[in-house]
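# Structure assessment
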Amino acid sequence: MSDEVIPQGLWTGDYFNEGSGRDGIFDKLKEECGVFGVFGHPDAASLSYYGLHALQHRGEESAGLCVTGGGDFNYHRGMGLVKEVFDKDRLASLVGDRSIGHVRYSTSGDSKLTNAQPLVFKYRDGDLAVATNGNIVNAPKIRRELEQSGSIFQTTSDTEVIAHLIARSSKDFVEAAKDALQQIVGGYAFLLMTNDLMLVASDPNGLRPISMARLGDAYLFSSETCAFETIGAEIIRDIEPGELLVLDKHGLREDRFAEPQRKALCAMEYIYFARPDSDLNGSNLHSARKRMGRRMAQESFVDADVVTGVPDSSISAAIGYAEQTGIPYELGLIKNKYTGRTFIQPSQELREQGVKMKLSAVRRVVEGMRVVMIDDSIVRGTTSRRIVNLLREAGATEVHVRITSPPFKNPCFYGIDTPDSRELIASSKSIEEIRVEINADSLEFISPEGLIDAVAGNHVDDYKGGLCMACFDNDYPTRTDFHGEEQFGCSC
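Procedures and definitions
Residues numbered from 1 in each chain as written. Predicted model: local features only at pLDDT ≥ 70, side-chain atom pairs only at ≥ 80, totals over all residues. Heavy atoms only, no water. Buried < 20%, exposed > 50% of the residue type's maximum accessible area, 1.4 Å probe, protein only. Helix = DSSP H or I, 4+ residues; strand = E, 2+ residues; numbered from the N terminus. Pairing = 2+ DSSP bridges. Core = buried A, V, L, I, M, F, W, Y, C linked by side-chain atoms within 4.5 Å. Contact = heavy atoms within 4.5 Å. Axes fitted to C-alpha atoms, helices over the stretch in contact; angles between N-to-C directions. Parallel < 35°, antiparallel > 145°, perpendicular 65-115°, else oblique. Left-handed = near helix turned anticlockwise from the far one by under 90°. Nonpolar A, V, L, I, M, F, W, Y, C, P; charged D, E, K, R; others polar. Disulfide = S-S within 2.5 Å. Polar contact = N/O pair within 3.5 Å; in protein donor to acceptor, adjacent residues only side chain to side chain.

### Considerations on the pairing of strand β11 (residues 218–222)
Burial within β11 is extensive, with five of its five residues counted as buried. Because side chains alternate across β11, one face comprises the buried residues A218, L220 and S222, and the other comprises Y219 and F221, equally buried. Sheet topology places strand β2 (residues 33–39) next to β11; four bridges connect them, and they run antiparallel. Counted as the bridge partner of F39 is Y219 from β11. The pairing of strand β10 (residues 211–215) with β11 spans five bridges and is antiparallel. Across the sheet, residue R214 finds its bridge partner in β11, namely Y219. Between the end of β10 and the start of β11, which pair antiparallel, lie two residues, with G216 showing a positive phi angle near 65°.

### Description of the nonpolar core
Counting residues in each nonpolar core, the largest one holds 50 residues, and the members touching the most others are M268, L451 and F472. Mapped by element, the contributors of at least two residues to this core are β15 (265–266), α8 (267–273), α9 (285–299), α10 (315–325), β21 (370–375), α15 (448–455), β25 (467–468) and α16 (470–473). Ranked by the residues each element gives to this core, the list is headed by α8, at six residues. Setting aside chain neighbours within four positions, we find M268 in contact with L29, F273, S377, F408, I416, C471 and F472. Membership of the second largest hydrophobic core comes to 32 residues, among which are L146, F173, A176 and Y188.

### So, the packing of helix α5 (residues 160–168) against helix α6 (residues 173–183)
At a closest axis distance of 8 Å, the pairing of α5 and α6 adopts a crossing angle of 130°. As summarised for this structure, α5 and α6 are arranged oblique, according to the angle between their axes. Viewed along their axes, α5 and α6 form a crossing whose handedness is right-handed. Only F173, A176, A177, A180, L181 and Q183 of α6 make contact with α5, whose side of the interface consists of I162, L165 and I166. Considered class by class, the residues forming the contact of α5 with α6 number eight nonpolar, one polar and no charged.

### Side note on the environment of L285
Examined against the element boundaries, L285 turns out to sit in helix α9. Judged by its relative accessible area of 0%, L285 is buried. Distance from L285 to F273, taken between C-alpha atoms, is 10.0 Å for residues twelve residues apart in sequence. Other than its neighbours up to four places away in sequence, L285 contacts E269, Y270, A274, R275, P276, S278, D279 and L280.

### Points about the environment of E147
When you line up the elements, E147 lands in helix α4 (residues 139–148). Here the alpha-carbon distance between E147 and H164, two residues 17 residues apart in the chain, equals 10.0 Å.

### Thoughts on the sheet that holds strand β7 (residues 126–136)
The sheet built from six strands is open, its strands ordered β6-β7-β8-β9-β13-β14 with antiparallel pairing. Only two strands of the sheet have a single partner each, and these edge strands are β6 (119–123) and β14 (251–256). If you compare each strand with its neighbour and ignore which way they point, the axes differ by 20° on average.

### Structural notes on the state of the cysteines
Evaluated as defined, the whole model comprises zero disulfides. Cysteine C468 is unpaired, with the sulfur of C266 as its nearest cysteine sulfur at 6.4 Å. For C468, a relative accessible area of 7% corresponds to the buried category.

### A look at the pairing of β6
Only one face of β6 is covered, namely the face carrying L119, F121 and Y123; the face carrying V120 and K122 is uncovered. Between the end of β6 and the start of β7, which pair antiparallel, lie two residues.

### Side note on α6
Burial in α6 covers these residues: F173, V174, A176, A177, K178, A180 and L181. Capping the start of α6, D172 holds a side-chain oxygen 3.1 Å from the backbone nitrogen of V174, two or three residues further along.

Pasting the structure below:
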C-alpha cells in the first residue's frame, strides 16, 4: 500500500496495534492478556495456536508461544494478532509436547517486543518460561528491592519479578515458586514452565480466571473455557484460589501455595471481558448476561419501541432486557469487524469518522423509534455520547441508555487497564450529570445487588457473590497501598 493511500498519522505505529491500548477510538476498559497451556500432547504448539486464537479478544497486540519436549526451549513471540505472529512454518518449528502461550494488550509506553510473553530466562537449573494474566500490585516495591540487591531486569514487564524471586531461592523449583508466589500481592493466573515440569497457579482470591481441561491424556489450561471448545477438549474445573498444580513425568499433582482467601472473581469478566460462549464458576456468560439484562429491565423499565445492544458484549444483555419487557430486540447497531484497532484520531473530525468506521446505526431500524440502548459500562463517557449521537443522527426520537454494570468509579489493581480515576466520569459526576454529558433521554445503571443476583450462581452465599466489585464500591479484596510503590492496571 503506497504512502498516497495512507494519510500521515493514520496508523499507530510500524505494526498492527502498536501502542493502541489506552488511546483507541472507544474508551472501553482493556483486559491485558490471556494465557493458554498444554502438557502432554505431541501437537502442543498447534493446540496452543488455536487456543490463543480463541483468546484473541483478551489481547490483540502481541502473541507468543514457548514449547519443549523436555529438552531445550523452542519459542517465538511477535507483535500483532496470533494469525500474523505464527504461520505454518513457524508452528512446525515449535516441537514439543508441552507449551505455554500468551496474548497481550499494550499499556501506554510499554508497546515493545521485549514485553511480549511468555518471558524466557536462563537460570541455574536450566530454562524458565513465564506467562501471566493479571497484575502484581506490589511489583514496583519488590523490583526496587531486587535491583538494590543486584538483580538486572531485561523488561519493563513486572511479570519478570516472579522469575527473579524464583532464581534467588536455594530451594527446589516447586518450593521456590511457592515462596515467590507468597511474596506477591495481586490478581493473577500464572503458567510457569521449566525443561521438565509445568506449574499453574491462581491468586488466593481467584481474581483472574483460569480453567483446566483434558484432551486424551493431555492437560490443558486457559484463561477462558471457550478455547477448550475450539479444540474439542473436555472441561474439568476451574483452578481454585491459592492452588498450585504441578505437572511432570509422573502426571498431575494438586498442591497449593496459599490458603484461599475471600473469593473475588473480577466482575468485569462477567460484564464485558469474557466471550459469551465461555463459562465462569460453572455459569455460561451468555446466560448470565441475559439475566443481567432481565434484572436491568426489572430495575429500570422505560417504555420504548426497540431494544438494541452495543456490539458485541452487550447483545446478550439486550436480548434479556427485551425478553423481560416484551419490547422487540433489533440490530440497531452494527459493528464493522474489519477495521482493526489501528485508526487513531489526529483531529476531532477524524475521531468522529473513526467511530463510524467501527460502528453503524441501522437507520431503517431506529428511525422514528424510541430506542433503549444497552451497554456494559461507561468509562470516560465519550464513547456513550458518540453512540447515542449515532442513533439520533439515524433518526431515533428518544435514546434511553441502560448500563449492565454499576457506575465505574475506581481504578483496578488486578489486571484491567483503567484510566486515572480522575478520568472516570462516574467518580466526579452524578448519574443525571452523566446523562446530560452523553446526550441521553434517560440513564440507569444496574444495582450492585442486581448484578450479584444475576451472575453469582453457586457462589450466591459468598461475600458479594464471590465477585470483586472494587471498581464500583472501592472494596478491594487485597492490600493495595504500598506507600506509593503500588502498580495498578496491568503489569504483564
